[in-house]
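# Chain and residue survey
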Amino acid sequence: MPNYKLVYFPGRGRAEVSRLIFKAAGVPFEDVRINTANGEWPGETKAKCPFGQMPVLFVDDKVLAQSKAIGRYLAREFNLAGKTNWDQARADMILDQFEDIGTEIYKFMFEKDAAKKAELSEKFNSETLPRHLGCLENILKENKGGKGFFVGDALTWADLALANGYDLVGGTDAPFAKFPLLADLCKRVRATTKIADWIKTRAQSPY
């Protein structure tokens with residue numbers, strides 16, 4: 001088996017889905033967290049990044065950049081991408097939707113004007129997030145009534161993205177109150193032994 005090294009900042013951010021893939025697959029990897037406070041970034045690390053940004057994945061002496069490319073590669077390697085081309089495309093679609101949610105969150109997360117930040121946050125929680133979650137609830141329901149997984153009959157990285165999304169939108173059940181199928185799938189994925197153990201032991205961060 002190759003040696004895997006995933007390099008990112010100390011937070012969950014754009015690397016956490018890949019970490020969850022490793023954990024769900026039971027594949028060991030080196031989880032490297034670059035500390036910006038002590039000069040590790042940019043330093044030598046940035047020079048090794050194809051696009052000058054993280055996360056990056058090192059597979060022995062090869063390097064792969066871009067978070068979704070990394071996640072897709074790992075999901076395919078560890079049979080978590082979907083069993084058919086159609087299921088893989090549907091899983092990719094769901095990952096794109098979560099990326100859209102993340103983009104909306106970043107709009108207010110890094111806003112420096114307090115009033116604007118509060119305005120954007122309120123709109124996200126009252127309008128944008130429910131709309132996105134409603135779409136995902138409907139997609140989940142299309143697959144066996146929503147009682148299994150997003151695609152097919154087994155766990156994929158789309159389900160892991162939902163488990164990560166729970167933290168992304170605040171780490172509480174409240175956003176999912178009107179979306180019982182999503183809430184149930186999220187709870188089931190996060191309760192699996194490998195994922196639950198990771199959530200308990202991983203480094204804590206606000207994002």
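Quick note: structure is the one above.
Presented here is a report on the structure given in the accompanying data block. (Residues numbered from 1 in each chain as written. Predicted model: local features only at pLDDT ≥ 70, side-chain atom pairs only at ≥ 80, totals over all residues. Heavy atoms only, no water.)

### Digging into unusual backbone geometry
The amide bond that connects Met54 to the next residue, Pro55, takes the cis arrangement and shows omega of 10 degrees. Checked against the element boundaries, Pro55 lands in the loop between helix H2 (43–48) and strand E3 (56–59). Unlike most non-glycine residues, Gln66 shows phi in positive territory, near 75 degrees. Along the chain, Gln66 turns up in the loop between strand E4 (62–65) and helix H3 (67–77). (Helix = DSSP H or I, 4+ residues; strand = E, 2+ residues; numbered from the N terminus.)

### Structural notes on the pattern of salt bridges
The final tally for this structure, using the stated rule, is 13 salt bridges. Among the ionic pairs, Asp167 bridges to Arg202, the shortest N-O distance being 2.8 Å. Placement of Asp167 in helix H6 (residues 157–168) and of Arg202 in the segment after helix H8 (193–201) is noted, with a sequence separation of 35 residues between them. The pair Asp167 / Arg202 is uniform in exposure class, with both members buried. (Salt bridge = Lys/Arg side-chain N within 4 Å of Asp/Glu carboxyl O. Buried < 20%, exposed > 50% of the residue type's maximum accessible area, 1.4 Å probe, protein only.)

### Notes on the pairing of E3
Going residue by residue along E3, you find Val56 and Phe58 tucked away on one face and Leu57 and Val59 tucked away on the opposite face as well. The turn joining E3 and E4, which pair antiparallel and follow one another in sequence, is formed by two residues; a positive phi near 55 degrees is taken by Asp60. (Pairing = 2+ DSSP bridges.)

### Re the sheet that holds strand E2 (residues 30–33)
The strand order across the open sheet formed by four strands is E2-E1-E3-E4, and the pairing between neighbours is mixed. A strand with exactly one partner marks an edge of an open sheet, and here the two such strands are E2 and E4. Averaged over all pairs of adjacent strands, the angle between strand axes in this sheet comes to 20 degrees, irrespective of strand direction. Relative to E2, strand E1 (residues 4–8) runs parallel, the two being bridged by four bridges. Note that in E2 the partner of Val7 across the bridge is Val32. Contacting E1, E2 and E3, helix H1 (residues 16–25) crosses the sheet at an angle of about 155 degrees to E1. (Axes fitted to C-alpha atoms, helices over the stretch in contact; angles between N-to-C directions. Contact = heavy atoms within 4.5 Å.)

### Some thoughts on the side chain of Asp92
Along the chain, the position of Asp92 falls in helix H4 (residues 85–109). Discounting residues that sit within four places of it in the chain, Asp92 has contacts with Arg72 and Trp157.

### A word on the side chain of Thr128
Along the chain, Thr128 turns up in helix H5 (residues 114–142). Not counting the four nearest positions on each side in its chain, Thr128 is found in contact with Glu104 and Lys123.

### Things to note about the nonpolar core
Core analysis: the largest hydrophobic core is formed by 61 residues, its most contacted members being Tyr4, Ile21, Phe150 and Leu182. Discounting residues that sit within four places of it in the chain, Phe150 has contacts with Ile94, Leu136, Ile139, Leu140, Asn143, Ala158, Asp159, Leu162, Leu182 and Leu185. (Core = buried A, V, L, I, M, F, W, Y, C linked by side-chain atoms within 4.5 Å.)

### Quick look at the packing of H1 against H3
At a minimum axis separation of 9 Å, H1 and H3 run at an interaxial angle of 10 degrees. What the angle tells us is that H1 and H3 run roughly parallel. Between H1, through Ser18, Ile21 and Phe22, and H3, the contact on the second element is made entirely by Ser67, Ile70, Gly71, Leu74 and Ala75. Residues of the contact of H1 with H3, tallied by class, amount to five nonpolar, three polar and no charged. (Parallel < 35°, antiparallel > 145°, perpendicular 65-115°, else oblique. Nonpolar A, V, L, I, M, F, W, Y, C, P; charged D, E, K, R; others polar.)

### Points about the environment of Gly82
Along the chain, Gly82 turns up in the loop between H3 and H4. Judged by its relative accessible area of 17%, Gly82 is buried. For the pair formed by Gly82 and Thr156, sequence separation is 74 residues and the distance between their alpha carbons is 6.0 Å. For Gly82, the contacting residues outside a window of four places in its chain are Asp87, Gln88 and Thr156.

### Considerations on the pairing of E4
Of the pairings in the sheet, the one linking E3 to E4 comprises four bridges and is antiparallel in character. Each residue of the ladder has a partner; that of Val59, found in E4, is Lys62.

### What about H8?
Within H8, the full set of buried residues consists of Ile195, Ala196, Trp198 and Ile199. Buried residues of H8 fall within an arc of 160 degrees about the axis and therefore sit on the same side. Facing away from the buried surface of H8 by more than 90 degrees, the exposed residues are Thr193, Lys200 and Thr201. Among the structural elements, H1, E2, H6 and helix H7 (180–191) are those in contact with the buried residues of H8. (Arc of directions from axis to C-beta.)

This is a description of form; function is not addressed.
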